[in-house]
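In case you want the letters, here they are:
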Amino acid sequence: MIEGIAHGAGVHPASLHHDHGSGNENGASQHATELPVRLHTAPEAEVPSHGTCRFLLDVVRRDRRAGTPTAPKFHGDAIVVGDNPIASALIRRLKQLGVTTHPLKDVGGDINVDDALKSIWSASETPHLFLTTPHDKTSLRSLDANLWAERRQSGIFGVFRVCQLWMQRMIDLNQMSQASLVTTTNGGGAMGLGGTRLESPESGGLAGLTKAMLIESWMRGFRETPMKVIEIANGCTPDRFVDGIMRELAVPSYDEETIVDADRRWTIRARYEPVNKNSSASTRITPRGTWIVSGGGRGITAMTAMELAQRHDLKLVLLGTAPAPALQPGIRERGCENRSQLRRDVMLSAQQAGLNPIETWRDTEKSLEIDMTLVECAQRGIEAIYYSVDVSDAAAVSEIVSQVRKTHGPIRGVIHGAGAGQDSRFDRKRPDKVEKCIRAKVDGCMALAAATVDDPLEWFVGFGSISGRFGANGHTDYSLANDMLAKCINRLSSDRPSVRCVTFHWHAWGDIGMAAKPEAKLALEMIGMQFMPAEEGLQHFLNELEFGGDSPEVLITDRNYVRKFFPDVERTTATSHTLPILDSTGKSATRDVANHVVTLDPVTDRFLKEHRINDRPTLPFVVALEMMAEAALLSSGNGFVTKCTSAQALQAIKFVTDDAMAVEVNATDPTGQLNHWTIKADLRRKDGRLVEEGRTYFEAAFVTSPTAVVPNTSLPLDRAWNFHAIDYLPPGAVVYHGEPLQALREIAIAPGEAMGRIAAPSPAHLGGENRPLSGWVFPCAAMDAVLYAAATLAYHESGKPSLPVSFEEIQIGRQPDPGEPLITHIRAIQSDERGMILAADLAGQNGDLILSLHCYRINWIR
């Protein structure tokens, strides 16, 4: 176990029902980066709230907070994979920290990875794994297919096997909560972004693998295991890089991909940037040019290539692994009339002939789709030819391209859309399937780049996936292959600057391609992903080739998905007020400062559906305080709320149906100086009949200031506390806190007091898909975790469940960074037959005050 990273250190993946925030979101120091990248901040309102958007990737400087730890404390041995100066520096540093290391300098060639790990594990366990192979002297530094053939085992496949066996062993031994994984990349100091030269495309492969492992770890219930992708900054020595790695492990954050040296750090963010349609398309695509299209016989690639060809009068050379179509008479017509009936007939005939009916239909369907593509090309006046070839076979691809060049002239463009993938858990990934997946994406890219090295290429386009950009559950090999594809094409853009090179990190297409398969659609629908209509994806493709091409990696996804990983995409300007609860759209032109109406929806608002009393959605006290604090902040014209006083929960706002409810946030003295606010709502029966109009449910007063006040606080951390994990009550319990509110990780209880460890979530955990990530006054989920810890202490003392009633005073410090480990100290002041009075402090990792609660009153639940 590494102390300091065992609580909230992991990034939570977008493919789960969770959101992802970026470190140092509020109050962290920010500087102009020294890296050669363009910085841009777009207000949230500029990002479309519906449909998919075009994002580019930037690097932004984000230093750690002052006073944070400089090194973690390890418990357990480590494996260091790689033979390079960084691996050596890591081994030296780990030895200084008392960590026994087991070097694996080479995991290719004649090395049997299984035997090597078995030998290590016969002597000790290794919960910590460091991957450094992109820095090896023999690592892939070009798109040379021959060099890749020599390197692929030790650079990718051997490392994949190490990770596969290591992760499963940690799970089997129940050591995932003590484990950590660091992948060190060699992307030219900026992961190939911002025009920097990417050194080793292997970096992308291992980065994609790491991101997918993290998501799978989360899906299997291991949510505290840090899995980090860390890049060495330009000009940084190995020892200073290791300093940065240690600091990154010591200071948890939701930043999975970082660039570090000893003192500084940078993170990746997405920047919403539509293409500039005022640019000229005439010089980008030569009419009558010949384009090679892998995977072009059917699906997404065929659809996009045909539209591009028709618009620009291009000749298409379609490559695919399926044989050239030779359909029996009538099959084409039957396939158009009734595909389902044809499928049944083909499978029945195959079964009667002793053949595999599923494979027979699959082959028939491929031939049918390729045939239909060629027919459609002819109907649309597109000159097209299909070749059956394994695109990963460099010699075969080169021979075909040579033939095409003689017949149709030089190659002007390449679209690499070939791919192969099959969902399965990491430990169940079959080597042959992994091989097939990587060969299609990576080897195919190498073969196409080599075959066209002497052609006057204008475009080299790769069809990747958001699985490569973010990782995906069950897709460790597919994520690896797609991220490495992007880095190969990124490297090609440096090697051949006259060629416009771009990889699309696609959102899932809704009605075509692999994501349209029933099993894939079900998996995506389960995580709430909205599919991208085919026409929408096609328009993104055309826009990029006709007006874009200024970045080697383009992210095509929707606002809700990207904000889970890159909240910076909607960071507001310093002069504007964002009101996440009062005005979730951020578009209100005028507001009545004395009266606000907020619609609460128990179906869509996470803070309602995940907070239930007697199984009814109930407004959390902390969110009620947030609503009133936002109103006070807007009314005052100041930038910060520093104190809340006389806060009371007079009644609980419960939802007896799934209908939305309008509540009013009112100033009791709008012209005075008290800044006192109430929350009122009509009380109705289940049938909608009015019982009481404008009942007051909450009230509080607030002190605002033009500047923040963040004092340090001192907690009794020097005492021996016996922490144990929190076991949250299940749905249907008297008081239920759902996953977005389960930020309290551990608690230690002594007579009359308790200490709690809290992993600060992103505001999106509680705010949901559509509310802004900045502008929050209270750290609502973290504060609710403090109240949960207080209730746990009260229950331990009395044996009675409780609910919060009032606060005499709440001092507000700063917002915690998402992923930051927080510590809370709770004291029981007095108890009576009604309830208990407590006090609590919540501190950040560097001792900064987050919150201080004075005279906090709870009442027993009868």
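Residues numbered from 1 in each chain as written. Predicted model: local features only at pLDDT ≥ 70, side-chain atom pairs only at ≥ 80, totals over all residues. Heavy atoms only, no water.

Before going further, it helps to examine the overall build of the chain. When you go through the chain residue by residue, the secondary structure sums to 20 helices and 30 strands. In the chain, which comprises 862 residues, the share counted as buried stands at 59%. Intrachain contacts of the chain at a sequence separation of at least 6 include 77% that bridge at least 24 residues. (Helix = DSSP H or I, 4+ residues; strand = E, 2+ residues; numbered from the N terminus. Buried < 20%, exposed > 50% of the residue type's maximum accessible area, 1.4 Å probe, protein only. Contact = heavy atoms within 4.5 Å.)

Enumeration according to the criterion identifies 13 aromatic pairs in this entry. Considering the side-chain rings of Phe463 and Trp506, the 5.5 Å spacing of their centres and the 85 degrees angle between planes classify their relative orientation as edge-to-face. Separated by 43 residues along the polypeptide, Phe463 in strand E13 (residues 459-463) and Trp506 in strand E14 (residues 500-506) bring together distant segments of the chain. Assessed through its relative accessible area of 4%, Phe463 is described here as buried. Plain terms: the ring middles of Phe621 and Phe698 are 5.5 Å apart, the flat faces sit at 40 degrees to each other, and that makes the pair tilted. (Phe/Tyr/Trp six-rings, centres within 6.5 Å; stacked < 30°, edge-to-face > 60°.)

Before going further, it helps to spend a moment on the nonpolar core. Ranked by internal contacts, the top residues of the largest apolar core, which has 77 residues, are Leu619, Leu625, Phe698, Phe702, Phe778, Phe807 and Ile810. Each residue touching Phe698, except ones within four places of it in the same chain, is listed here: Leu619, Phe621, Ala624, Met628, Gln648, Ala649, Gln651, Ile653, Trp677, Thr678 and Ile679. In terms of nonpolar packing, the next biggest core, distinct from the first, is built from 69 residues, Met167, Val317, Met446 and Ala449 among them. (Core = buried A, V, L, I, M, F, W, Y, C linked by side-chain atoms within 4.5 Å.)

The element strand E10 (residues 315-320) is largely enclosed, with a buried count of six among its six residues. Residues Lys315, Val317 and Leu319 line one face of E10 and the alternating positions Leu316, Leu318 and Gly320 line the opposite face, and both faces are buried. Both strand E9 (residues 290-294) and E10 contribute to a ladder of five bridges, which runs parallel. The residue of E10 that forms the bridge with Thr290 is Lys315. Inspection of the sheet shows E10 paired to strand E11 (residues 384-388) by five bridges, in the parallel sense. By the bridge assignment for E11, Val317 is matched with Ile385. (Pairing = 2+ DSSP bridges.)

This paragraph deals with the pattern of salt bridges. In total, this model carries 50 salt bridges according to the counting rule given. Put simply, Glu820 and Arg814 hold a salt bridge, and the shortest N to O gap is 2.8 Å. Residue Glu820 shares its accessibility class with Arg814, and that shared class is buried. Ionic contacts of the salt-bridge type, sharing partners, join the residues Lys211, Glu257, Arg469, Asp483, Lys487 and Glu553 into one network. (Salt bridge = Lys/Arg side-chain N within 4 Å of Asp/Glu carboxyl O.)

Side chains three or four residues apart in an α-helix point the same way, a direct result of the helix having 3.6 residues per turn. Taking 1.5 Å per residue as the helical rise, helix H5 (residues 238-250) with its 13 residues ought to reach 18 Å, and the 18 Å between its terminal C-alpha atoms agrees with that figure. Among the residues of H5, those classed as buried are Phe241, Val242, Gly244, Ile245, Met246, Arg247, Glu248, Leu249 and Ala250. Looking at the buried positions of H5, the neighbouring elements they touch are helix H1 (85-96), strand E4 (128-131), strand E5 (180-185), strand E6 (227-232), strand E7 (257-260) and strand E8 (265-272). (Expected span 1.5 Å × (residues − 1).)

Leave glycine aside and you will find that most residues have negative phi; peptide bonds, for their part, are mostly trans. Notably, Asn174 is not glycine yet its phi reads approximately 60 degrees, a positive angle. You can see Asn174 is positioned in the loop between helix H3 (145-172) and E5. Accessibility expressed as a relative area gives 61% for Asn174, which makes it exposed. With a phi close to 50 degrees, Cys855 is a non-glycine residue in the positive phi region.

Let us look at the sheet that holds strand E26 (residues 753-759). Spatial ordering of the open sheet is given by E16-E20-E21-E22-E19-E27-E30-E29-E28-E26-E25-E23, a layout of twelve strands whose pairing is antiparallel. Of all the strands in the sheet, just strand E16 (595-600) and strand E23 (724-725) have a single pairing partner and so form its edges. Here strand E27 (residues 802-812) pairs with strand E30 (residues 849-860) via nine bridges, running antiparallel. Bridging across to E30, Ser806 finds its partner in Arg857. Strands strand E25 (744-750), E26, E27, strand E28 (821-831), strand E29 (835-843) and E30 of the sheet are contacted by helix H20 (residues 780-798), whose axis makes an angle of about 35 degrees with E25. (Axes fitted to C-alpha atoms, helices over the stretch in contact; angles between N-to-C directions.)

We now examine the environment of Thr707. Tracing the chain through its elements places Thr707 in the loop between strand E22 (690-705) and E23. Thr707 sits 65 residues away from Thr642 along the chain, and the two C-alpha atoms are 8.8 Å apart. Contacts of Thr707, omitting those with residues within four sequence positions, involve Phe640 and Thr642.

A separate point is the sheet that holds strand E17 (residues 611-613). An order of E18-E17-E24 is seen for the three strands of this open sheet, with the pairing classed as antiparallel. With partners counted over all chains shown, the strands left at the sheet margins are strand E18 (616-617) and strand E24 (735-737), one partner each. Where E17 and E18 come together, two bridges link them in antiparallel fashion. Directly across from Ile613, in E18, lies its bridge partner Arg616.

Turning our eyes to something else, we now look at the confidence of the model for the chain. The predicted model of the chain averages 86 in pLDDT, with 89% of residues at 70 or higher. Low confidence marks residues 519-527, where pLDDT is under 50. Its contacts with residues over four positions away, or in another chain, come to 14 contacts. Here residues 571-575 scores under 50 on pLDDT; set against residues more than four positions off or in separate chains, the count is eleven contacts. (pLDDT = per-residue confidence, 0-100.)

Here the focus is the side chain of Arg54. By the secondary structure assignment, Arg54 is in strand E1 (residues 52-61). Under the relative-accessibility criterion, Arg54 is labelled buried at 6%. Within the structure, the side chain of Arg54 is placed 2.6 Å from the side chain of Glu544, a separation counted as a polar contact. At 2.8 Å, the side chain of Arg54 and the side chain of Asp550 are in polar contact. The residues touching Arg54, leaving out its near neighbours within four places in the chain, are Arg271, Tyr272, Glu273, Pro274, Val275, His540, Glu544, Gly548, Asp550, Val554, Leu555 and Ile556. (Polar contact = N/O pair within 3.5 Å; in protein donor to acceptor, adjacent residues only side chain to side chain.)

Right, let's talk about the environment of Glu546 for a bit. Inspection of the secondary structure puts Glu546 in helix H15 (residues 534-547). The exposure class of Glu546 is buried, given its relative accessible area of 6%. On a C-alpha basis, the gap between Glu546 and Ile285 in space is 7.6 Å, while along the polypeptide they are 261 residues apart.

Note on placement: His312 falls in helix H6 (residues 299-312). In this structure His312 comes out as buried when scored by relative accessible area, which is 15%. With residues up to four places along the chain from it excluded, the contact list for His312 reads Ile285, Pro287, Arg288 and Glu546.

Moving on, we get to H1. Compared with the 16 Å implied by 1.5 Å per residue over twelve residues, the 17 Å span of H1 between its first and last C-alpha is a close match. Buried residues belonging to H1 abut strand E2 (78-81), strand E3 (101-104), E4, E5, E6 and H5. Where H1 begins, one side-chain oxygen reaches toward the backbone nitrogen of Ile86, 3.1 Å away; that side chain belongs to Asn84. Within two residues after H1, Gly98 carries a phi angle of roughly 80 degrees, on the positive side.

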